[in-house]
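Notes for the structure review
In case you want the letters, here they are:
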Amino acid sequence: MSLNLPLDPAAGRPGMGTDDLAREPVVVLRPRSAWRRLWDSTAFRRAVILLVLALCWEGYGRLLHDPLLFPPLSATLAAMADGVRDGTLLDRTATSLRVLAAGYCAGVVAAIVLTSLAVSTRIGSDLVATLTAMFNPLPAVALLPLALLWFGLGMPSLVFVIVHSVLWPLALNAYSGFLSVPETQRMVGRNIGLRGVAYIALILIPAAFPSILAGLKIGWAFAWRTLIAAELVFGVSARSGGLGWFIFENRNNLQTENVFAGLLTVVLIGLIVDSVFFRTIEALTVRRWGTAAT
Amino acid sequence: MFAGLRTGGVADLDPSPRAMRYTDVGRVRDAAEPVLRLENVTLRYATPDRLITAIHRVSFHMRERDRLILLGPSGCGKSSLLKAVGGFIRPDEGSIRLKGREITRPGPDRMMVFQDFEQLLPWKTVIGNVASALFVSRRWTRAAALERAHAALAKVGLTRCATDYPHTLSGGMKQRVAIARAMAMEPEILLMDEPYAALDALTRRNMQDELLELWRDLPFTLLFVTHSIEEAILIGSRIIVLSPHPGRIRAHYDCDRLDHAAQGGEAFRSLHLRIHELLFTPEGESSCR
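Rules of the game
- Residues numbered from 1 in each chain as written.
- Chains lettered and ligands numbered in written order.
- Predicted model: local features only at pLDDT ≥ 70, side-chain atom pairs only at ≥ 80, totals over all residues.
- Helix = DSSP H or I, 4+ residues; strand = E, 2+ residues; numbered from the N terminus.
- Buried ≥ 20, exposed ≤ 12 C-beta atoms within 10 Å, placed from the backbone.
- Contact = placed C-beta atoms within 7 Å.
- Expected span 1.5 Å × (residues − 1).
- Pairing = 2+ DSSP bridges.
- Domains from an automatic or database assignment.
- Nonpolar A, V, L, I, M, F, W, Y, C, P; charged D, E, K, R; others polar.

1. Focus: unusual backbone geometry
Residues and elements named next belong to chain B. Omega for the peptide link from H245 to P246 comes to -10°, which places this bond in the cis form. Take P246: it is sitting in the loop between β10 (238–243) and β11 (248–254). For K99, which is not glycine, the phi dihedral falls at a positive 50°. Among the secondary structure elements, K99 is positioned in the loop between β5 (93–98) and β6 (101–102). Judged by local crowding, K99 falls into the partly exposed class, with 14 C-beta atoms found within 10 Å. The phi dihedral of E194 is positive, around 45°, even though this residue is not glycine. Among the secondary structure elements, E194 is positioned in the loop between β8 (189–193) and α5 (201–217).

Dropping the structure here:
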């Protein structure tokens, strides 16, 4: 150890560098501008897009000035308000949703049966794989003529095509979901002593849930489209038709603003179910679990 | 030559220096009855066109508080052997007995910790993962399970993460939760299948120390699979070295008291070298010097 002063001035004050750094003010957190934060919100950006689209619609409708071909947004909204006020639009929507609920539930039950069959036996899995491969690409509306022949005009035919549109995509997704449950999670379930129904309910179904939910979403979208399309072909059973029939009927009467009102209702219901109902389920489950597919 | 370090060739497989008396039913009447006893266990698995023997006539036993390491190169069937003890694979020959009872299926008396981070159920919070395992095993009520789960998490230092979902945790934290879950179940034997293999070196070292700490706190019986010689010596009180194709017991070492503090020492390095030579010398050639 030397008592002489060190030649290098910095060596004599070893802490100097760090002290200087500590004294210099460093901005670690800086608030971002309000506009920046607003623009980062997806909801806000989408609202802006919607507003722009609405303005375009209104502007073009007024410019064209031909309500028979393209009524502006304001006329469509007025027709919608009228429809709600006199009850026809709500009535038609309720009819459609009733048929949809019946068909959707029946389709889900059928998919559960089919999936159970597929996961429990090898021949069952072959059967389901073959059936889904065959029927999944077949548009449900293509079965409508046959359904009319078998079940006649009315609700049973509609339910039949909806079941067809829900069953295959849901069964396919649920089955592949069960197949892709990680082996480790299966082993953990058996390790803590789960067997039989408890094992399926507490391990397999939650583990496959992201795929099941995706299947339910696809099934819903298919069912809704199929229903409206089927109602366009024949919507009137007895007295009450559905939304598809409402659109078709008003086109025949050349009440184009009502056609647009019907279409807007179809879109709105689709949006609400997808972005409110399914989005909420997703937020409570797969997004919270970190297992969301997208 | 080295205190606390006993080696043996294939002939010296019995780890017990004590003589054991067998009764007429074949059960051992000893002060420390083996927790686990494997006798001539053979494991085979089928590929589409052949039957492969993964483990060939392996016998060993474990006493309470043993930390037994199964060490070997990949393909030596050490994980299969662990899964057989876990009850996930039935042996084709021989028997595996836990406290005298034949193992026929998985159960919470043999909790397993896997290498895979997916072993935590993603749809349950950290506390839910531990508590639901306890509750499902029906040995604790819901309230008692929750209380035990909190205590177990506190032991591995994860109290703060109790209500988080597993996907927000780091790899090391996930493994800690899995260990907490397994230990809270109070299994007869804890099975660990390369639990630290997917972790970074620093985390791995910390976790190894923590595991030994937990053992000192409340000694449990541990069967641990690894392919790291260092980890085997650090964690184990006994090491069984397996040879591959098919898996057979190659050698058996006692290595208690060789922890991280002893890592640079002569005994540690010497044992490391011996096992290293054993693993990298073809069978039949002498590895002893």
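Text resumes after the structure shown.
2. Thoughts on helix α12 (residues 243–252) of chain A
Residue and element names in this part refer to chain A. Extensive coverage of α12 is indicated by the burial of seven of its ten residues. Residues L243, G244, W245, F246, I247, F248 and N250 constitute the buried set of α12. Lining the buried residues of α12 we find α6 (88–120), α11 (196–233) and α13 (256–284). With its phi angle positive at about 55°, L254 sits one or two positions after the end of α12.

3. Considering helix α9 (residues 155–179) of chain A
With 25 residues, α9(A) should reach 36 Å at 1.5 Å per residue; the first-to-last C-alpha distance of 36 Å fits that figure. The buried fraction of α9(A) amounts to 21 of the 25 residues, a majority that puts the element mostly inside the structure.

4. Here we look at the sheet that holds β6(B)
Backbone hydrogen bonds hold the strands of a sheet together, and the pairing may be parallel or antiparallel. Residues and elements named next belong to chain B. A sheet is described by the order of its strands in space; here four strands give the open sequence β3-β2-β5-β6, paired in antiparallel fashion. In the strand order of this sheet, the two ends are held by β3 (51–62) and β6, each with one partner. By the bridge criterion, five bridges tie strand β2 (residues 36–46) to β5 in an arrangement that is antiparallel. Among the inter-strand pairings, L38 is bridged to a residue of β5, identified as I96.

5. Concerning the domain arrangement of chain B
Quoted interface sizes are often the accessible area lost when the parts come together. Residue and element names in this part refer to chain B. The domain boundaries assigned to chain B delineate domain 1 (31–109 + 187–245 + 268–282) and domain 2 (120–186). Distance between the C-alpha centres of domain 1 and domain 2: 24 Å. Taken together, the contacts link eleven residues of domain 1 with nine residues of domain 2. Per element, the largest residue contribution to the side of domain 1 that touches domain 2 is three residues, and it comes from α5. Taken together, the residues of the side of domain 1 that touches domain 2 break down into ten nonpolar, one polar and no charged.

6. Considering the interface of chain A and chain B
Contacts between the two partners involve 16 residues from chain A and, on the opposite side, 19 residues from chain B. Going through the elements one at a time, α10 (183–191), α11 and α14 (286–289) of chain A are the ones with two or more residues in the side of chain A that touches chain B. Sorting elements by how many residues they give to the side of chain A that touches chain B places α10(A) first, with six residues. Of the residues that constitute the side of chain A that touches chain B, the class distribution is eight nonpolar, six polar and two charged.

7. Here's the deal with the pairing of β2(B)
All names here are of chain B. As paired elements, β2 and β3 share eight bridges and run antiparallel to each other. Along β3, the bridge assignment pairs L38 with F60. Adjacent in sequence and paired antiparallel, β2 and β3 are bridged by four residues.

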